[in-house]
Amino acid sequence: MTSLPEEAPSLIGEDDREAAVRRLQEAYAEGLIAHEVLDERLHRALSALTQSELASALSSLPEGHPDSTATIAAAGGRIKRRGAWRVPRVLKVGSAYGRVRLDLSRAVIEHPVVDIELQLGTGGARITVPRDATVDVEGLSTGWKDLRYRVPRRSRPGGPTIRISGVMGYGRLKIRHSLR
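Just so we're clear, the structure is a prediction, and the values are computed from it rather than from any experiment. (Residues numbered from 1 in each chain as written. Predicted model: local features only at pLDDT ≥ 70, side-chain atom pairs only at ≥ 80, totals over all residues. Heavy atoms only, no water.)

1. What about the overall build of the chain?
Of regular secondary structure, the chain possesses three helices and twelve strands. Every one of the 180 residues in the chain was classed for burial, and the buried ones make up 33%. Within the chain, contacts between residues at least 6 apart in sequence are counted, and of these 67% link residues at least 24 apart. A total of about 11800 Å² of accessible surface is found on the chain, and carbon and sulfur atoms cover 50% of it. (Helix = DSSP H or I, 4+ residues; strand = E, 2+ residues; numbered from the N terminus. Buried < 20%, exposed > 50% of the residue type's maximum accessible area, 1.4 Å probe, protein only. Contact = heavy atoms within 4.5 Å. Areas by Shrake-Rupley, 256 points an atom, 1.4 Å probe, with all protein chains shown as cover.)

2. Comments concerning the side chain of Arg41
Its location among the elements puts Arg41 in helix H2 (residues 35-47). In this structure Arg41 is buried but unpaired, with Glu40 as the nearest side chain of opposite charge at 4.5 Å. Polar side-chain contacts of Arg41 include one of 2.6 Å to the backbone oxygen of Ser59. (Lys, Arg positive; Asp, Glu negative; His and termini not counted. Salt bridge = Lys/Arg side-chain N within 4 Å of Asp/Glu carboxyl O. Polar contact = N/O pair within 3.5 Å; in protein donor to acceptor, adjacent residues only side chain to side chain.)

3. So, helix H3 (residues 51-58)
Buried within H3 are the following residues: Leu54, Ala57 and Leu58. Viewed along the axis of H3, the buried residues span an arc of 95°, placing them on a single side of the element. Where the residues of H3 are buried, they touch helix H1 (14-29) and H2. With its phi angle positive at about 70°, Ser60 sits one or two positions after the end of H3. (Arc of directions from axis to C-beta.)

4. Describing the packing of H1 against H3
Their axes nearest at 10 Å, the elements H1 and H3 cross at an angle of 10°. For the element pair H1 / H3, the angle class is roughly parallel. Touching Asp16, Arg17, Ala20, Arg23 and Leu24 of H1 are Gln51, Leu54, Ala57 and Leu58, all from H3. Of the residues contributing to the contact of H1 with H3, the split by class is five nonpolar, one polar and three charged. (Axes fitted to C-alpha atoms, helices over the stretch in contact; angles between N-to-C directions. Parallel < 35°, antiparallel > 145°, perpendicular 65-115°, else oblique. Nonpolar A, V, L, I, M, F, W, Y, C, P; charged D, E, K, R; others polar.)

5. With respect to the sheet that holds strand E9 (residues 134-142)
With parallel pairing, five strands are arranged side by side in an open sheet as E1-E4-E7-E11-E9. The open sheet has two edge strands with one neighbour each: strand E1 (69-74) and E9. Each adjacent strand pair in this sheet contributes to an overall mean axis angle of 10°, direction not counted. With eight bridges connecting them, strand E7 (residues 113-122) and strand E11 (residues 161-168) associate as parallel partners. Looking at the pairing, Val113 lines up with Thr161 of E11. (Pairing = 2+ DSSP bridges.)

6. Digging into the pairing of strand E5 (residues 100-103)
Relative to E5, strand E2 (residues 79-81) is paired through three bridges, and the arrangement is parallel. Counted as the bridge partner of Arg81 is Leu102 from E5.

7. What to know about the pattern of salt bridges
Any two side chains of opposite charge can pair, on the condition that their charged atoms come close. According to the stated counting rule, one finds five salt bridges in the structure shown. The shortest N-O distance in the salt bridge between Arg44 and Glu40 comes to 2.6 Å. One end of the pair is Arg44 and the other is Glu40, both in helix H2 and four residues apart, which spans about a single turn. Of the charged contacts, one joins Glu110 and Arg86 as a salt bridge, the two residues approaching to 2.1 Å between their closest N and O atoms. Taken together, the residues Glu110 in the loop between strand E6 (108-109) and E7 and Arg86 in strand E3 (residues 86-87) connect sequence positions 24 residues apart. With a relative accessible area of 53%, Arg86 lands in the exposed category. One network of salt bridges, in which partners are shared, links Arg89, Asp115 and Arg163.

So yeah, pure geometry; function would need other evidence.
The following block contains the structure:
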């Protein structure tokens, strides 16, 4: 009788390693682990080659926060967010009719990628993004009017990526970068 081959260990990629490092840093910032424990676990996470080695560096940590999702909806009227508001990882915006104004220029953006899903009937939308943001509108379908967005001439790297998707009926979407 022949024995079954053992499963090869599951190797990790750089994305897995970076996610583990972020999770360890968040645990330290929240006071869940001591500085000495952070140093030791960061070393284990950075030198890990397999999923099991990476899992041992993250053992006893609480489960990571799931991607945050928020929904803003209105049958009619205005939807407006500006100032220092916390932007979730996924923001769903729905309006049957009315205007939508989202100003991300002074918002707290904690995620490298933010998805904004629009479901708008009639009425326009204007989104102001940070100066160093990258905007992706490939997933957006417009019905009546075209999108208005000009890519800035000079952009600085390192800003968040704002992905805008969804459906716009009879309104126009205007996207602009903040001046400051």
